[in-house]
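# Summary of the model geometry
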Amino acid sequence: MMKKIVVISIFLFFSSSVFSTESSFLNALLNIKSEKYYKTIDGNTFYNELIEYKDLEQLYLQSRKKATKKQANLDDIKFFSFIGFVAYTTNNAAAKEALSSDFIQVYFTNRDRLLSILEELPFLIPSSCYYIAKHFGFEDKFKNDKETFIKDNKVYFTKALNKDNYKKCLSIISSKF
Amino acid sequence: MTNKHNSQGAPREAIFIPGVVGYSGIFIHMGTSPSWSDGCIVIEKANMLKIYRQINPKNGHNITVSIQNR
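Reading the values: rules and limits
- Residues numbered from 1 in each chain as written.
- Chains lettered and ligands numbered in written order.
- Predicted model: local features only at pLDDT ≥ 70, side-chain atom pairs only at ≥ 80, totals over all residues.
- Heavy atoms only, no water.
- Helix = DSSP H or I, 4+ residues; strand = E, 2+ residues; numbered from the N terminus.
- Rg over C-alpha atoms; globule rule 2.2 N^0.38 Å.
- Buried < 20%, exposed > 50% of the residue type's maximum accessible area, 1.4 Å probe, protein only.
- Phe/Tyr/Trp six-rings, centres within 6.5 Å; stacked < 30°, edge-to-face > 60°.
- Lys NZ or Arg CZ within 6 Å of the ring centre and 35° of its normal.
- Disulfide = S-S within 2.5 Å.
- Contact = heavy atoms within 4.5 Å.
- 1 Å grid on protein atoms, 1.4 Å probe; cavity = no way out; pocket = protein on both sides within 12 Å on 5 of 7 lines; lining within 4 Å.
- Points joined across faces, edges and corners; volume = space filled by probe spheres on them.
- Nonpolar A, V, L, I, M, F, W, Y, C, P; charged D, E, K, R; others polar.
- pLDDT = per-residue confidence, 0-100.
- Buried area = accessible area lost by both parts, 1.4 Å probe.
- Salt bridge = Lys/Arg side-chain N within 4 Å of Asp/Glu carboxyl O.
- Polar contact = N/O pair within 3.5 Å; in protein donor to acceptor, adjacent residues only side chain to side chain.

### Quick look at the overall build of chain B
The helix and strand inventory of chain B stands at 1 helix and 3 strands. Counting from the amino terminus, chain B carries its helices and strands in the arrangement β-β-β-α. Expected size for 70 residues packed as a compact globule is a radius of gyration near 11 Å; at 12 Å, chain B falls within 12% of this value. Based on the C-alpha atoms only, the size of chain B along its principal axes is roughly 35 × 30 × 25 Å. With 70 residues in all, chain B has 34% of them scored as buried.

Now the structure itself:
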């Protein structure tokens, strides 16, 4: 009986932490203000965006770690790509800048899995392909490598994506930002 | 983002700007060209450090940022 309670408690702990991670990004996407970030100083109440940002940043770092592991779980890659979608949609400048360096690592470690996700969930194409494109030239690095990347990787995109998705993603990657 | 580091390997200095309508995660941080930014304000490293060192305490909601077109 005791063993069952422990197992159930562990399950609830993990499911609630996953739920809270997902809901944090859903809140960001939907601009829902969480009660916990309201602060009152000297009688003035304000929404502490910086603390909210730092919490999201921690979740981002955890998610990046999982998604850039070799043979990463498909759901972990999906979730990291979803974070990218939220950052892109909400114009989160710092997160977009981080993803301009980090997202390509998911491609390099889990290329076929990532491309299969883009085929399954095409709403992730604009943001994901944007971050792949941004890698080339971000912070003045890898500026001249984009053409070679496209030439060498076109075949994987053709294989994994249908014609429309391929066209959409490749046109984003080829764009100058 | 704390995944960005300065030349000493410590998290890169940055000043957070809240309340920017239509945007989030806006910081002032160092950079040498527009390619360092995707919406943040980028300034030279020396100026960044000069401003950053003047802020005391850190995380204190104690600065006002004024942006002007020139």
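Structure shown, so let's carry the discussion forward.
### Points about the packing of aromatic side chains
Residue and element names in this part refer to chain A. For the coordinates displayed, the defined rule picks out 20 aromatic pairs over all chains. Measuring from centroid to centroid gives 5.8 Å for Phe-103 and Tyr-131, while their planes differ by 45 degrees, and the two rings are tilted. Placement of Phe-103 in helix H4 (residues 93–120) and of Tyr-131 in helix H5 (residues 125–135) is noted, with a sequence separation of 28 residues between them. Each member of the pair, Phe-103 as well as Tyr-131, is classed as buried. Members of the aromatic cluster, each reached through a chain of ring pairs, are Tyr-60, Phe-80, Tyr-88, Phe-103, Tyr-130, Tyr-131 and Phe-177. When the ring centre of Tyr-156 is taken as origin, the NZ or CZ atom of Arg-111, which lies over that ring, is 3.4 Å away.

### Notes on the state of the cysteines
Cysteine pairs can be linked by a disulfide, which is a covalent bond between their two sulfur atoms. All names here are of chain A. Under the defined criterion, the tally for this structure stands at 1 disulfide over all chains. Here Cys-129 pairs with Cys-169 through a disulfide, and the sulfurs are 2.1 Å apart. Because the torsion about its S-S bond is -105 degrees, the bridge between Cys-129 and Cys-169 counts as left-handed. Placement of Cys-129 in helix H5 and of Cys-169 in helix H7 (residues 163–174) is noted, with a sequence separation of 40 residues between them. A relative accessible area of 0% places Cys-169 in the buried class.

### Some remarks on the environment of A:Ile77
Residue and element names in this part refer to chain A. Tracing the backbone shows Ile-77 in helix H3 (residues 74–89). Given the relative accessible area of 0%, Ile-77 is considered buried. For the pair Ile-77 and Arg-113, spaced 36 residues apart in the sequence, the C-alpha separation amounts to 7.9 Å. Among residues more than four places away in sequence, those in contact with Ile-77 are Ala-67, Ala-72, Val-106, Asn-110, Arg-113, Leu-114 and Ile-117.

### Digging into the layout of surface pockets
Of the voids in this model, the largest pocket is the one considered here, and its volume is about 790 Å³. Those elements that provide at least two residues to the lining of the largest pocket are strand S2 (44–47), helix H2 (49–67) and H4 of chain A together with strand S1 (14–17) and strand S2 (26–30) of chain B. With 5 residues, the single largest contributor to the lining of the largest pocket is H2(A). Partitioned by chemical class, the residues of the lining of the largest pocket number 19 nonpolar, 8 polar and 9 charged. Taken as a whole, the second largest pocket encloses approximately 480 Å³ of empty space. Along the walls of the second largest pocket sit 27 residues, with A:Ala28, A:Glu52, A:Thr90, B:Tyr23 and B:Ser24 positioned nearest its centre. Going through the elements one at a time, helix H1 (2–30), H2 and H3 of chain A are the ones with two or more residues in the lining of the second largest pocket.

### Topic: the side chain of A:Thr90
Structurally, A:Thr90 is set in the loop between H3 and H4. Apart from residues lying up to four places away in sequence, A:Thr90 is in contact with A:Ala28, A:Leu29, B:Gly22, B:Tyr23 and B:Ser24.

### Here we look at the confidence of the model for chain A
Mean pLDDT over chain A works out to 90, with 88% of the residues at or above the 70 mark. Note on residues 7–16 of chain A: pLDDT is under 50 here. Beyond four places in sequence and across chains, it has 0 contacts.

### Focus on the interface of chain A and chain B
Counting residues at the interface gives 28 residues for chain A and 25 residues for chain B. Of the roughly 2200 Å² buried at the junction of chain A and chain B (both faces included), carbon and sulfur atoms supply 49%. Its largest share of buried area at the contact with chain B, chain A owes to A:Glu49, A:Glu97 and A:Glu139, together 26% of the area lost on that side. Residues B:Asp38 and A:Lys134 are paired through a salt bridge, measuring 4.0 Å at the closest nitrogen-oxygen approach. Linking chain A with chain B are 18 residue pairs in polar contact (both at pLDDT 80 or more). When residues of the side of chain A that touches chain B are traced back to their parent elements, those giving at least two are H2, H4 and H5 of chain A. The greatest single-element share of the side of chain A that touches chain B, amounting to 9 residues, is contributed by H4(A). Its residues placed into classes, the side of chain A that touches chain B shows 11 nonpolar, 7 polar and 10 charged.

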